[in-house]
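What follows is the residue order along each chain.
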Amino acid sequence: MKNDRIYFFDTTLRDGEQSPGFSMNIDEKLHFANQLVKLGVDIIEAGFPIASKGDFEAVEKIAKMVKGVQIAGLARANFEDIDTAWEAIKHAEQPRIHTFISSSDIHIDYQLKKDRKSVLEQAVKAVGRARSYTGNVEFSPMDATRSDRDYLVEMLTAVIDAGATTLNIPDTVGYAIPSEFQSLIRYIVDNVKNIDKAVISVHCHNDLGLAVANSIAAIEAGARQVECSVNGIGERAGNTSLEEIVMALKTRNNLFNVTSNINTKQIMSTSKLLTHITGVTVQPNKAIVGANAFAHESGIHQDGMLKNTMTYEIMRPEDVGISKSTLVLGKHSGRHAVIDRLKALGYDLTNEELDRFFKYFKALADVKKQIYDEDLEVLIGEALYKEKGRFKVINVQISTGMYSPPMTLVTIRDRETAEEEKFDVANGNGGVDAGINAVKKITGTSAKIESFNLVAITGGSDALCEVTVTAVEEIEGKKVKVFGNGVNIDISVAGILSFVDALNKLEYKKKLNGIKDRIEAGL
Ligand code: KIV
Ligand code: ZN
């Protein structure tokens, strides 16, 4: 295949947005369209203007404000749809009308209740109308993969004669398999006599999980436009996933030898923006953009990755806009990977400390699937210095009520000052806040709480509470962040214990040899 350009037609804002759970308001659509321009798509299908007033306004706003890309509006094959689509897109730098009508007998008989001849005539008239507005007209024979091939060829030949410049072949119901779809595209290339006047496009749905495979098979047969959506969203099981097809073509370029305008480094931020706007996250094992796509947990894989990333990665995470692959720690992780992560967190442990640490690590990994940085911090505390942490909470006494201001008395043993017990009392916005203020007075710490998370470990009002805090303190001119953890039957006590736990970690970090160098290295 010769080195050819593939045009990316993004339908996230039309086929994607029309599927359940993915609706967006006008400003969100505009924001997303601008991100699609950064990603480098060639055509944005901004919506279906006749569908609603909101759709019309969104398409119109995108057409007026988004530059450097073609803006398509969808229209059924009738004059009212086409006129409305044109009204919405006419201000775009490069407007495109995309009109469609079904070509399969199933749709013609049962849905349209027409016959092949009248449907073909309608398609031709619609393309002619669109062509009266713009020289950029796309035509789709809906349900093409379940249509009679010769009727399809007749229809495609006629719409090219009527002025269509892009012929989009939809696998509307995701029915095709790659070899079959490829042979259909070849059939069109070989039998539509004026095909050289149009670009062949494909639009695949993922009902059988084959949308990307079918689109690639079509490219091999000569298709040069791919319709796709970010995170693969779209009607039912979705459309061809943009990120997957882009990275398949890039990673296996030796086979395809095609180019595109996509800046792959924008893939992750585009996917995240869509998730952020719609609130729908992608599954963790989703290719390219799932949380696990560049995460390695098995000990053997982690060992290989630490030696050379080529051992278990076929793409570089930086190429899709992820800064680095992650080695997810869990029960399969080897010592090497755990030590590596601890070092990145600023803990350079001796062999004896590591032995102690690993006993705790393995015990936790047996009950918890994935071990995050927060867990490592807690484990360090448990394994290395819980008993010898500088501050130990001896007692907490809280007085509060609906009409009396909260006041907490805290007693702490300071192991650095000859096990002296110190106590103080403070007010605050509730028992926890008052207790934390009392701890600050006793210890003189300048640490600040950045986040406070409460989890009930057991059910019911007598539940055990676990509180995790993030505390930040400036040490030798750099901000150092630690996690603190506390468990108690009383939520306020758990909060105070978690803060003291964080202070102990900060004390430990201050004492680590070479802390200044590590902090400067950002560790
Ligand atoms: O799936 C489909 O057939 C469509 C057409 C409008 C192109 O979305
Ligand atoms: Zn579709």
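Scroll up for the structure.
A. Region of interest: the coordination of the zinc ion (ligand 2). Surrounding the zinc ion (ligand 2) are the protein donor atoms Asp 15 (OD), His 203 (NE2) and His 205 (NE2), at 2.0 to 2.1 Å. Within one chain, the residues serving as donors to the zinc ion (ligand 2) are arranged as D-x187-H-x1-H. Of the two residues, Asp 15 sits in helix 1 (residues 12-16) while His 205 sits in the loop between strand 8 (199-204) and helix 9 (211-221), which places them 190 residues apart along the sequence. The two residues Asp 15 and His 205 agree in class, both being buried.

B. Main features of the environment of Glu 121. Relative to the assigned elements, Glu 121 resides in helix 6 (residues 116-133). Judged by its relative accessible area of 40%, Glu 121 falls in the partly exposed class. Once the C-alpha coordinates of Glu 121 and Val 159 are considered, the two residues, 38 residues apart in sequence, prove to be 9.4 Å apart.

C. Layout of the side chain of Asp 171. Along the chain, Asp 171 falls in strand 7 (residues 166-171). This buried residue, Asp 171, is left without a salt bridge; Arg 146 holds the nearest opposite charge, at 6.8 Å. A distance of 3.1 Å separates the side chain of Asp 171 from the backbone nitrogen of Ala 176, its partner in a polar contact.

D. Local environment of the site of ligand 1. Around ligand 1, the structure places Arg 14, Asp 15, His 98, Phe 100, Ser 140, Met 142, Asn 168, Pro 170, Thr 172, His 203 and His 205. Contact distances for ligand 1 include 3.1 Å between an oxygen atom and a side-chain N or O atom of Asp 15. In this structure, His 203 approaches ligand 1 through a side-chain N or O atom, which is 3.1 Å from an oxygen atom. Expressed as a share of its isolated accessible area of 260 Å², the protein-covered part of ligand 1 is 94%. Of all the secondary structure elements, the ones that give two or more residues to the shell around ligand 1 are helix 1, strand 5 (94-102), strand 6 (137-142) and strand 7. Of the residues that constitute the shell around ligand 1, the class distribution is 3 nonpolar, 6 polar and 2 charged.

E. Up close: the state of the cysteines. All told, the structure shown has 0 disulfides when counted by the stated rule. Between Cys 204, a free cysteine, and Cys 228, which holds the nearest cysteine sulfur, the sulfur-to-sulfur gap is 10 Å.

F. Representation of the sheet that holds strand 4 (residues 70-76) within the structure. Here 8 strands make up a closed barrel; going around it, the order is 2-3-4-5-6-7-8-9 and the pairing parallel. Each adjacent strand pair in this sheet contributes to an overall mean axis angle of 25°, direction not counted. Taken strand by strand, helix 4 (residues 79-89) contacts strand 4 and strand 5, and its axis lies near 160° from that of strand 4.

G. Local environment of the nonpolar core. If you look at the biggest cluster of nonpolar residues, it comprises 92 residues, and the most contacted ones within it are Phe 8, Ile 44, Ile 71, Phe 139, Ile 169, Phe 181 and Ile 188. Here this core takes 9 residues from helix 7 (residues 149-162), the largest share from any one element. The two domains that each donate at least three residues to this core are domain 1 (4-278) and domain 2 (295-383). Contacts of Ile 44, omitting those with residues within four sequence positions, involve Asp 10, Leu 13, Ala 33, Leu 36, Val 37, Val 66, Val 69, Gln 70, Ile 71 and Ala 72. Core analysis: the next-biggest nonpolar cluster, separate from the first, contains 27 residues, Ala 438, Ala 447, Val 469 and Phe 499 among them.

H. Broad picture of the packing of helix 6 against helix 7. At a minimum axis distance of 8 Å, the contact between helix 6 and helix 7 shows a crossing angle of 25°. Of the possible angle classes, the one that applies to helix 6 and helix 7 is roughly parallel. Handedness of the crossing formed by helix 6 with helix 7: right-handed. Facing Arg 116, Val 119, Leu 120, Ala 123, Val 124, Val 127, Gly 128 and Arg 131 of helix 6, the residues of helix 7 in contact are Tyr 151, Glu 154, Met 155, Ala 158, Val 159 and Ala 162. Taken together, the residues of the contact of helix 6 with helix 7 sort by class into 10 nonpolar, 1 polar and 3 charged.

Parameters and conventions
Along each chain, numbering runs from 1 in the same order as the chain's sequence is written. Chain labels run from A onward and ligand labels from 1 onward, assigned in the order the entries are written. Given that the model is predicted, a residue must reach a pLDDT of at least 70 before its local features are reported, and side-chain atom pairs must reach 80 or more before they are shown or counted; all residues, however, enter totals for whole chains, interfaces and linings. Just so you know, side-chain values use all the structure's heavy atoms and leave hydrogens and water out. Any N, O or S atom lying within 2.8 Å of the metal counts as a donor, with the limit raised to 3.2 Å for Na, K and Ca; because water is left out of the atom set, some sites can appear incomplete. Numbering of helices and strands runs from the N terminus, with a helix taken as a DSSP run of H or I at least four residues long and a strand as a DSSP run of E at least two residues long. Burial classes: relative accessible area under 20% of the type maximum marks a residue as buried, over 50% as exposed, and values in between as partly exposed (1.4 Å probe, protein chains only). Here Asp and Glu are counted as negative and Lys and Arg as positive; His is not counted, and neither are the chain ends. By salt bridge we mean one thing: a side-chain nitrogen of Lys or Arg within 4 Å of a carboxyl oxygen of Asp or Glu. Throughout this description, a polar contact denotes any pair of N or O atoms lying within 3.5 Å of each other; where both atoms belong to protein, one of them has to be capable of donating a hydrogen while the other can accept it, and for residues adjacent in sequence the pair is counted only when both atoms sit in side chains. For this purpose, a residue is taken to be near a molecule or strand whenever a single non-hydrogen atom of the residue falls within 4 Å of it. The accessible surface values rely on the Shrake-Rupley method and a 1.4 Å probe; as for residues, cover is taken only from the protein chains in view. Gly is put with the polar residues, along with every residue not named as nonpolar or charged; the nonpolar set is Ala, Val, Leu, Ile, Met, Phe, Trp, Tyr, Cys and Pro, and the charged set is Asp, Glu, Lys and Arg. Note that a disulfide, as used here, is simply two cysteine sulfur atoms within 2.5 Å. When DSSP finds two or more bridges between two strands, those strands count as paired. Axis angles are defined between N-to-C directions and span 0 to 180 degrees, where every axis is a line fitted to C-alpha atoms and, for a helix, only to the segment in contact. The criterion used for residue contact is that any of the two residues' heavy atoms lie within 4.5 Å. By nonpolar core we mean a set of buried residues, namely Ala, Val, Leu, Ile, Met, Phe, Trp, Tyr and Cys, connected to one another through side-chain atoms within 4.5 Å. What marks off one domain from the next here is an automatic or database domain assignment. Here is the rule for angles: anything less than 35 degrees is roughly parallel, anything more than 145 is roughly antiparallel, 65 through 115 is roughly perpendicular, and the remaining ranges are oblique. A clockwise turn of the near helix away from the far one marks a right-handed crossing, whereas an anticlockwise turn of less than a right angle marks a left-handed crossing.

Distances and angles like these do not, on their own, reveal function.
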